[in-house]
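Report on the structure
So you can see what is in the structure, the chains are spelled out below.
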Amino acid sequence: DAGVTQSPTHLIKTRGQQVTLRCSPKSGHDTVSWYQQALGQGPQFIFQYYEEEERQRGNFPDRFSGHQFPNYSSELNVNALLLGDSALYLCASQQGSSYNEQFFGPGTRLTVL
Amino acid sequence: AQSVTQLDSHVSVSEGTPVLLRCNYSSSYSPSLFWYVQHPNKGLQLLLKYTSAATLVKGINGFEAEFKKSETSFHLTKPSAHMSDAAEYFCVVSDRFGGYNKLIFGAGTRLAVHP
């Protein structure tokens, strides 16, 4: 049983560019959350998707957007990249309710030059 | 609002000695609390979770944590450290909204284990 997978593993972009990160949830999971982990810090919640809709959003600007597909996979898009967007982006999946554990993928390391 | 504070950014122990990683929480309702571990270049792995059942929670790899409501603490312990325990550890509280949840992470504690 494959766990949560993310692609790509690493990505280098320049300021002002746009980037798309991808996540496939663990089998049987229908809810996907995205987190940003800056160097030396704990992960910060970006948003969560369920049934192709954004449920809640953390304190991130509109440059960060997402999408969930009918097969529950998800994308994170970041427009107009800033140097401060350099971070490890983590995807987590869970099955349904708020009491279920979130399983994390290995992350995508984004470097903005 | 839910929050967690990890009291030590770095902890260093010798192999075979006990491990104590400290965490205090703030919650307006009975919290769900977790400890996650992150090894270099690897994803986050759940060590254990507390969801209002037994206050002493046993996790993987010999780790355990005790929920103390009076002290608003959820410290992680292990009787005997192993070299493979060296990693970053995060104390986490679940913030529930409607029927959903998001995880709120502490800043992390880096555990070093020396021979």
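Description of the structure in this document.

Remarks on the pattern of salt bridges
Residue and element names in this part refer to chain B. Under the definition given, this model contains 7 salt bridges over all chains. In this structure, the salt-bridge partner of Arg22 is Asp8, at a minimum N-O distance of 3.0 Å. With Arg22 in the loop between strand 3 (19-21) and strand 4 (23-26) and Asp8 in the loop between strand 1 (3-6) and strand 2 (10-14), this pair connects stretches of sequence that are 14 residues apart. Take Asp8: its relative accessible area is 19%, and that puts it in the buried class. Residue Lys58 is joined to Glu64 by a salt bridge in which the shortest nitrogen-to-oxygen separation is 2.8 Å. Judged by its relative accessible area of 62%, Lys58 is exposed. For Glu64, a relative accessible area of 24% corresponds to the partly exposed category.

Some remarks on the interface of chain A and chain B
If you look at the interface, chain A gives 22 residues, while chain B gives 18 residues. Note on chain A versus chain B: buried area summed over both sides is about 1800 Å², and carbon and sulfur give 54% of it. The tally of links between chain A and chain B comes to 0 salt bridges. Put simply, chain A and chain B have 6 residue pairs in polar contact (both at pLDDT 80 or more) between them. Listing elements by their share of the side of chain A that touches chain B, those giving two or more residues are strand 4 (31-37), strand 5 (44-50), strand 6 (53-57) and strand 9 (87-94) of chain A. The element best represented in the side of chain A that touches chain B is strand 9 of chain A, accounting for 3 residues. Looking at side-chain class alone, the side of chain A that touches chain B contains 8 nonpolar, 12 polar and 2 charged residues.

Some details on unusual backbone geometry
Cis geometry is adopted by the peptide bond preceding Pro8 of chain A, which originates at Ser7 of chain A and carries an omega value of -10°. Tracing the sequence through the fold places Pro8 of chain A in the loop between strand 1 (5-7) and strand 2 (10-13). Even without being a glycine, Tyr72 of chain A presents a positive backbone phi close to 80°. Within the secondary structure, Tyr72 of chain A sits in the loop between strand 7 (64-68) and strand 8 (74-78). Even without a glycine there, the phi angle at Asn61 of chain B is positive, about 60°. Mapped onto the secondary structure, Asn61 of chain B falls in the loop between strand 7 (56-58) and strand 8 (64-68).

Rules behind the numbers
- Residues numbered from 1 in each chain as written.
- Chains lettered and ligands numbered in written order.
- Predicted model: local features only at pLDDT ≥ 70, side-chain atom pairs only at ≥ 80, totals over all residues.
- Heavy atoms only, no water.
- Salt bridge = Lys/Arg side-chain N within 4 Å of Asp/Glu carboxyl O.
- Helix = DSSP H or I, 4+ residues; strand = E, 2+ residues; numbered from the N terminus.
- Buried < 20%, exposed > 50% of the residue type's maximum accessible area, 1.4 Å probe, protein only.
- Contact = heavy atoms within 4.5 Å.
- Buried area = accessible area lost by both parts, 1.4 Å probe.
- Polar contact = N/O pair within 3.5 Å; in protein donor to acceptor, adjacent residues only side chain to side chain.
- Nonpolar A, V, L, I, M, F, W, Y, C, P; charged D, E, K, R; others polar.

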